[in-house]
Amino acid sequence: MVECLDAPQPVYPLPPIEQIPDDEIDRAEAGKQIVMTRIGELPAVVLGAASFSPLYNTDDHISGTNPLRVTRLALRYGIDAFDTSPYYGPSEIILGNALKALENEFPRSSYQLITKCGRFGNTRADFDLTRVGVRTSVARSLSRLHTDYLDVVYVHDIEFIADVRAPRTVGNHLPALGSEREAYGLEEYQAGQVLGEGDQEVLSAIEALRELQGEGIVKKVGISGYPLPTLLRIAILVLHTTGRPLDIVMSYSHLNLQNRTFEAFKPALLERAAVKQVVSASPFSMGLLTPKPPAWHPASDEIKEAVTKAIAMHNERIGGGSTSPTFSELALGYAFGQALKAHTPTVVGLSRIEDVHTCARVWQQVESGNLPTEWETHVEAITRFFEAENVLDRCWENPSFS
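Bear in mind that the values here come from a model prediction, so they are computed numbers and not experimental data.

## With respect to the pattern of salt bridges
Counted by the stated rule, this structure contains 28 salt bridges. Its salt-bridge partner being R135, residue E215 comes within 3.1 Å of it at the nearest N-O pair. With E215 in the loop between helix 5 (197-214) and strand 7 (218-225) and R135 in helix 4 (residues 131-144), this pair connects stretches of sequence that are 80 residues apart. With relative accessibility at 44%, the residue E215 sits in the partly exposed group. Its relative accessible area of 25% is what places R135 among the partly exposed residues. Three or more residues are tied together by salt bridges with common partners; here these are D22, D26, R27, R69, R72, R76 and E105.

## Looking at helix 9 (residues 327-341)
The terminal C-alpha atoms of helix 9, which comprises 15 residues, lie 21 Å apart, in line with the 21 Å expected from a rise of 1.5 Å per residue. Counting buried positions over the 15 residues of helix 9 gives 13, a clear majority of the element. Looking one or two residues beyond helix 9, the residue adopting positive phi is H343, at roughly 55°.

## Remarks on the packing of helix 4 against helix 5
Across the interface, helix 4 lies against helix 5 with an axial gap of 9 Å and an inter-helix angle of 45°. In terms of axis orientation, helix 4 runs oblique to helix 5. At the point where helix 4 passes helix 5, the crossing takes the right-handed sense. The residues of helix 5 that touch helix 4, namely those facing R131, V134, R135 and V138, are A205, A208, L209, E211 and L212.

Criteria and thresholds
- Residues numbered from 1 in each chain as written.
- Predicted model: local features only at pLDDT ≥ 70, side-chain atom pairs only at ≥ 80, totals over all residues.
- Heavy atoms only, no water.
- Salt bridge = Lys/Arg side-chain N within 4 Å of Asp/Glu carboxyl O.
- Helix = DSSP H or I, 4+ residues; strand = E, 2+ residues; numbered from the N terminus.
- Buried < 20%, exposed > 50% of the residue type's maximum accessible area, 1.4 Å probe, protein only.
- Expected span 1.5 Å × (residues − 1).
- Axes fitted to C-alpha atoms, helices over the stretch in contact; angles between N-to-C directions.
- Parallel < 35°, antiparallel > 145°, perpendicular 65-115°, else oblique.
- Left-handed = near helix turned anticlockwise from the far one by under 90°.
- Contact = heavy atoms within 4.5 Å.

Geometric values such as these leave the question of function open.
Written as structure tokens, this is what we have:
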């Protein structure tokens, strides 16, 4: 459940730190501690704390000590940045409580906190991008996260508010960079055009965050969302209307086995919009590329069916071989590899201690170039299958109000 700004806040108490298990499984593997590659000022891997919410896990799972143990192990491996949001229900509270309990081992200066503002639910009434709303949201995030500054704050899911300029809202959007630039509002002459009240609302939220940046409360200001053409258009608009580029832009579900279009849009964000850092989130595409995707997943039936078939095909291909990668491991390794080539941080949701160990192991294999050769063969088979099913690089319907 997402709490509105004026609603009472839920409480997720933790036992004293000495009563929380700290066993062998809670420690980074001996000799394999990871000093994460830095990409800009972020680590190459960022822990996505949407996993500390009912979006992905049961209340029993997130209300116990598991989130703290996941957070602690991530930090021990060198994953020292965390991405959260008020929209992720109790995520900020749970993450903040965990980090507060761990402050003797990991003081605030040892990690980065990334959160968002503007979105609190799925209806138009659940968005507040006003100056008062932005400042109130940030103040609440500071309290929840037990800090006096935030390293990054995004205006969350701007596509819900920004004016729509696109010939279609589903499918492959790569023509936005070429033959259909004008239809997406991306021609040079369109660079400073405010299309309507939605665009102005996003610009006002950016202005409010920059006020907080001037006060030292927010270090970096950015936008996040799903459709890459919209993120690019708004990033260009911010540059041309304010004279300053955005510090950071994050998109999700566009750098993975099923959709690789982030790779084409990143250069445009860096060059045309002068964005200082671009981040890719969700190598599992919000759970789509796992055996049990969440029931609420917005992908089309065609994409979901193709993924289900691809997982079955992969499982049949590898049989019961214990050394062969699972489909999820393959998805993670592929996303890490592409992100490393693109010099892009990856935000990945981790729910269990075992997930952190797997993440660290796969990252280490990718970074060191020690992935088994069979992985590439598996990836090629899956991408060929997605292409044959006509879902490779296809986006689902742009998010909109419920």
